[in-house]
Amino acid sequence: MLILSLYVASFILLLVIYKMLIKRFTSANAQAKINTVTFGDESAVKPNRTASVLSILTLFFIWCAFTGSSLSPIHVPGPFTGDTTFTYTAKNTNKQTDTAQVYIRVNPVNKKITKSSPANNNRNNFTKNDSAEVTAYRSVLIRVKKNDTGGKEENYLVTKINGQAIKAKQTIQVNNGQVILTSKSSISFTPNKGWQMEPIWLPAPEAVFYRLIEIARDGYQNVSLFENIGWSLLRVIAGFLLGCIVGIPLGYAMGLSSWFRGWFDPIVEFMRPIPPLALIPLVIIWFGIWEAGKISLLFLAALWIMTIAARAGVSGVSIAKIHAAYSLGASKLQILIHVIIPNSLPEIFTGARVAMGVCWGTVVAAELVAAEKGAGKMIIAASKFQQTDIVIMGIILIGVIGYGIDTLMRVAERKLVPWKGKS
Amino acid sequence: MSREEIQETSSSLHINNVSMTFSLPDGSTVNALQDVSLKIRKGELLSILGPSGCGKTTLLNIIAGFLTPTSGSVILNNHQVTGPSAERGMVFQQGALFEWMNVRKNIGFGPNMQGIASAQINQRVDELLETVGLHGFANKNVYELSGGMQQRVSLARCLANDPDVILMDEPLGALDALTREKMQGLILKLWKETGKTIILITHSVEEALLLGERLIVMAPRPGRIHKEYELPFAQQAITTDIREVKKCADFTTSREEILSMIWEMEEEIMGRKA
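This brings us to the sheet that holds strand β4 (residues 140-142) of chain A. All names here are of chain A. Spatially, four strands are ordered β4-β9-β8-β7 in an open sheet, and the strand pairing comes out antiparallel. At either margin of the open sheet sits one strand with a lone partner, and together these are β4 and β7 (171-174). Ignoring strand direction, the axes of neighbouring strands in this sheet form an average angle of 25°.

The following block contains the structure:
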């Protein structure tokens, strides 16, 4: 909730600052727009790159601020670490009261404070000082009675914390933490957690980055990062190519012959809305959990998309082009090669982009279910050991690679079908 | 040879009692054409005019071989038309160029499909580019050209095949008035230089008058030939300026006469509908 409101506040604040700066630093002349109507004119709305950069920076900054990252100078309050102390007062069977101190050392996550503990000079009274150690975000149970004289007797009770009266199951705020008195007069101490995320929920950006370097160098569970990602990509490419090899000719046949259209229409229309993930159980039963299963799954994911794209490509050829080609003396085969196929390329490229995206998503999901190597396998294995930094690193890599694939497809599209959308 | 003799030679186009009936999905039928007969001389420039729904595009598609008439036949060079062929080239209103080929490949498409040597095709394409006024545009992409230039490519592509008959389905319909006038001049020039038989469909009365040695006015429901004119304007426009021809009194009189005739037809249709 806090993070969301901070995010919304940053959005509004940066927008206001940006508008103010624009107003300040552009002359009145440059400000005059050529088009007076821009609201509602879709073509006038272009992504503001400043906003894009600020958006990413904001997310990154929030990530840093809430994980205590060293990359950001400003943080929300972190968990308490270091030494703290409070006192407790106990009453023994003789109704005498006495007060002793509890020293607590709170270690940061994954680290230990090494300097020597404060002196725990025990006194001669019946209560004795206690000391305990705890890691940030965790709590510790301190059996204060244990070393007290007469602490084992039934009526021996802890009555006050820091001079404040307390009963069993009550909570009292002390310096740097919270104290709960259990029914057996033990004290449970929880250090203040602050607003930062525990690394097990969200590690700091640099932790993810160092983990990336480490995994890239040493691999994870004896499989190198390159191998993990390479296997995922290999499966995607194999499944996608098989889908194209079968799907594109099938789509052409469906676009050119009413028998093919009639025969395959029910199958295609039935299979199309089924998400490939729903096929995983059946594919595992039929083909097993290894490569055959995954590649069949990706093949099925790509097949229908490519079939429909090729069919749409054939349907999209204008009858004037076909008539023109016939009256220029072209044969059916020549029309297929020189008119129908090139005319369908833009549709096929659109389909291929969608299919690649779906395949990439499906392969990760399939690897989550079962795999020896692969990007999905890496993150599911890491999640089982609560290695959140590897999980986040894997997710970022998967996103970056997916984006990279789409960018490559778009570049190829511009190179190979430059006439797209220009007829 | 007299005109009648030329008409009877083998390279003429005969349309014999062509009728075309379409069945609609609701079971009713439409008589798109009823008993249309025409004899077109070799080298004639014929324009066909009529209100929408008079079957003029249907007639052109039958001549091109894209449609088989319900009855009647089309005879070209003593053989019956049964399907599309390179001897009957067609120029469409727009969108019939191949965007994935440059101008040269588009124009050379027909000869290329017939397997003619590429050196020969290139030479032919260069000549045609000159003829249609697209010198230097050979390697441009067709989607980079203006509408008028695209139609020039269409005309050149059709001529590259050296067809006996050129069928034009409102070839200038999508152009602006100024470009249209220039293109009318180009069509007349091509007709004169190549001596091709041209059948041109239009819904512009002015264009039909200017570009027709003979003008056929068709009437709808059922589609039929309503009136036929022999016109001098195409010949005049070759020797003089098109704009002058359009200004002369004969031209304006004919235009008004045909316009009012088409108006009456349209009103008749509206009346029948109401």
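Picking up after the structure, the text goes on.
This brings us to the domain arrangement of chain B. Residues and elements named next belong to chain B. As far as domains go, chain B holds domain 1 (3-87 + 175-273) and domain 2 (89-162). Taken over C-alpha atoms, the centre of domain 1 sits 25 Å from the centre of domain 2. Contact residues are listed per partner, giving nine residues for domain 1 and eleven residues for domain 2. Ranked by the residues each element gives to the side of domain 1 that touches domain 2, the list is headed by helix α7 (residues 177-194), at six residues. Grouping the amino acids of the side of domain 1 that touches domain 2 by side-chain chemistry returns six nonpolar, two polar and one charged.

Residue and element names in this part refer to chain B. Taking 1.5 Å as the rise per residue, helix α5 (residues 118-131) with 14 residues should run 20 Å; its terminal C-alpha atoms sit 20 Å apart, in good agreement. Among the residues of α5, those classed as buried are Ile-121, Arg-124, Val-125, Leu-128 and Leu-129. In a view along the axis of α5, the buried residues occupy a sector of 140°, so they form one face of it. Facing away from the buried side of α5 by more than 90 degrees, the exposed set consists of Ala-119, Gln-120, Gln-123 and Glu-130. Considering only its buried residues, α5 is in contact with α3 (103-107), α4 (109-113) and α6 (147-160).

With that settled, the discussion passes to the sheet that holds strand β4 (residues 71-76) of chain B. Residues and elements named next belong to chain B. The four strands are arranged β2-β1-β4-β5 in an open sheet whose pairing can be described as antiparallel. At either margin of the open sheet sits one strand with a lone partner, and together these are β2 (29-40) and β5 (79-80). Of the strand pairs in this sheet, strand β1 (residues 13-23) and β4 are connected by five bridges, and their pairing is antiparallel. Pairing of Leu-13 across the sheet is with Leu-76, part of β4. Across the face of the sheet, helix α2 (residues 56-64) comes into contact with β1, β2 and β4 while running at roughly 60° to β2.

Moving on to the confidence of the model for chain B. Residues and elements named next belong to chain B. Considering every residue of chain B, the mean pLDDT works out to 84; 95% of them sit at 70 or more. Low pLDDT (under 50) marks residues 1-10, which in the prediction has nine contacts with non-local residues, meaning those over four places away or in another chain. Confidence estimates for the predicted assembly give a pTM of 0.78 and an ipTM of 0.87.

To continue, consider the pairing of strand β8 (residues 197-202) of chain B. All names here are of chain B. Counting buried positions along β8 gives six out of six residues, so the element sits mostly inside the fold. Of the two faces of β8, the one lined by Thr-197, Ile-199 and Ile-201 and the one lined by Ile-198, Leu-200 and Thr-202 are each fully buried. Of the strand pairs in this sheet, strand β3 (residues 45-49) and β8 are connected by five bridges, and their pairing is parallel. Paired with Leu-46 across the bridge in β8 is Ile-199. Strand direction decides the pairing type here: strand β7 (residues 165-169) and β8, joined by five bridges, are parallel. Within β8, the residue paired with Asp-169 across the bridge is Ile-201. As for the winding sense of the linkage, the β-α-β connection from β7 through α7 to β8 is right-handed.

Analysis parameters
- Residues numbered from 1 in each chain as written.
- Chains lettered and ligands numbered in written order.
- Predicted model: local features only at pLDDT ≥ 70, side-chain atom pairs only at ≥ 80, totals over all residues.
- Pairing = 2+ DSSP bridges.
- Helix = DSSP H or I, 4+ residues; strand = E, 2+ residues; numbered from the N terminus.
- Axes fitted to C-alpha atoms, helices over the stretch in contact; angles between N-to-C directions.
- Domains from an automatic or database assignment.
- Contact = placed C-beta atoms within 7 Å.
- Nonpolar A, V, L, I, M, F, W, Y, C, P; charged D, E, K, R; others polar.
- Expected span 1.5 Å × (residues − 1).
- Buried ≥ 20, exposed ≤ 12 C-beta atoms within 10 Å, placed from the backbone.
- Arc of directions from axis to C-beta.
- pLDDT = per-residue confidence, 0-100.
- Right-handed = clockwise from strand over helix to strand, strands pointing away.

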